[in-house]
Amino acid sequence: MIDLQTLVEETGAESGLSFNIDGILNESVNLEYDGNVAAMIGMILKMCLEMSEDVNNGDLKQVMIKNNDGIVVASKNQDDNCIALLSKDLSKMGLLLRKMDSIFNN
């Protein structure tokens with residue numbers, strides 16, 4: 001089990017959430033409207049998963065969303081459990097991607 005609070009602190013992310021691919025929230029840290037965010041990221045992951053299958057690119061593992069004011073990194077495991085980290089500091093992108101890879105590859 002992942003300690004979401006520790007993950008947010010270790011990466012310097014502003015917030016994080018754990019949820020399933022259907023967008024059902026399990027836990028959140030420092031996030032307003034966490035249920036809505038979980039539902040939206042879950043839908044994005046599900047759509048990207050289906051696209052990845054349609055174009056035969058293998059199993060979807062991670063989605064990164066970068067905008068003018070920050071980054072969202074969302075990862076899923078083989079059981080469709082998901083974690084997303086949100087940061088307003090774009091320089092943390094590499095750290096977020098690496099940390100999420102290490103969690104989901106172990």
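Just above sits the structure.
Residues numbered from 1 in each chain as written. Predicted model: local features only at pLDDT ≥ 70, side-chain atom pairs only at ≥ 80, totals over all residues. Heavy atoms only, no water.

> Even after reading the chapter, I still don't get the pairing of strand 1 (residues 15-20), so can you show me in this structure?
Looking down a regular strand, the side chains alternate between one sheet face and the other. Among the 6 residues that make up strand 1, 5 are buried, leaving the element largely enclosed by the rest of the structure. Where strand 1 meets strand 5 (residues 81-87), 6 bridges bridge the pair, whose relative direction is antiparallel. Among the inter-strand pairings, Phe19 is bridged to a residue of strand 5, identified as Cys82. In terms of strand pairing, strand 1 meets strand 2 (residues 25-29) through 4 bridges, oriented antiparallel. (Buried < 20%, exposed > 50% of the residue type's maximum accessible area, 1.4 Å probe, protein only. Helix = DSSP H or I, 4+ residues; strand = E, 2+ residues; numbered from the N terminus. Pairing = 2+ DSSP bridges.)

> Could you clarify how one ought to interpret helix 3 (residues 93-104) in this entry?
The α-helix winds at 3.6 residues per turn, so residues separated by three or four positions along the chain end up facing the same way. Its 12 residues place the ends of helix 3 17 Å apart at the C-alpha level, agreeing with the 16 Å of an ideal helix rising 1.5 Å per residue. Those residues of helix 3 that fall on the buried side of the exposure criterion are Leu96, Met100, Ile103 and Phe104. End-on, the buried residues of helix 3 take up no more than an arc of 85°, which puts them together on one face. Buried residues along helix 3 sit in contact with helix 1 (4-11), strand 3 (62-67), strand 4 (70-76) and strand 5. (Expected span 1.5 Å × (residues − 1). Arc of directions from axis to C-beta. Contact = heavy atoms within 4.5 Å.)

> Looking at this structure, how should I read the pairing of strand 5?
Of all 7 residues that make up strand 5, 6 are buried, and the element is covered over most of its length. By the bridge criterion, 6 bridges tie strand 4 to strand 5 in an arrangement that is antiparallel. By the bridge assignment for strand 5, Val73 is matched with Leu85. Between the antiparallel neighbours strand 4 and strand 5 lie 4 residues, among them Asp80 with a positive phi of about 65°.

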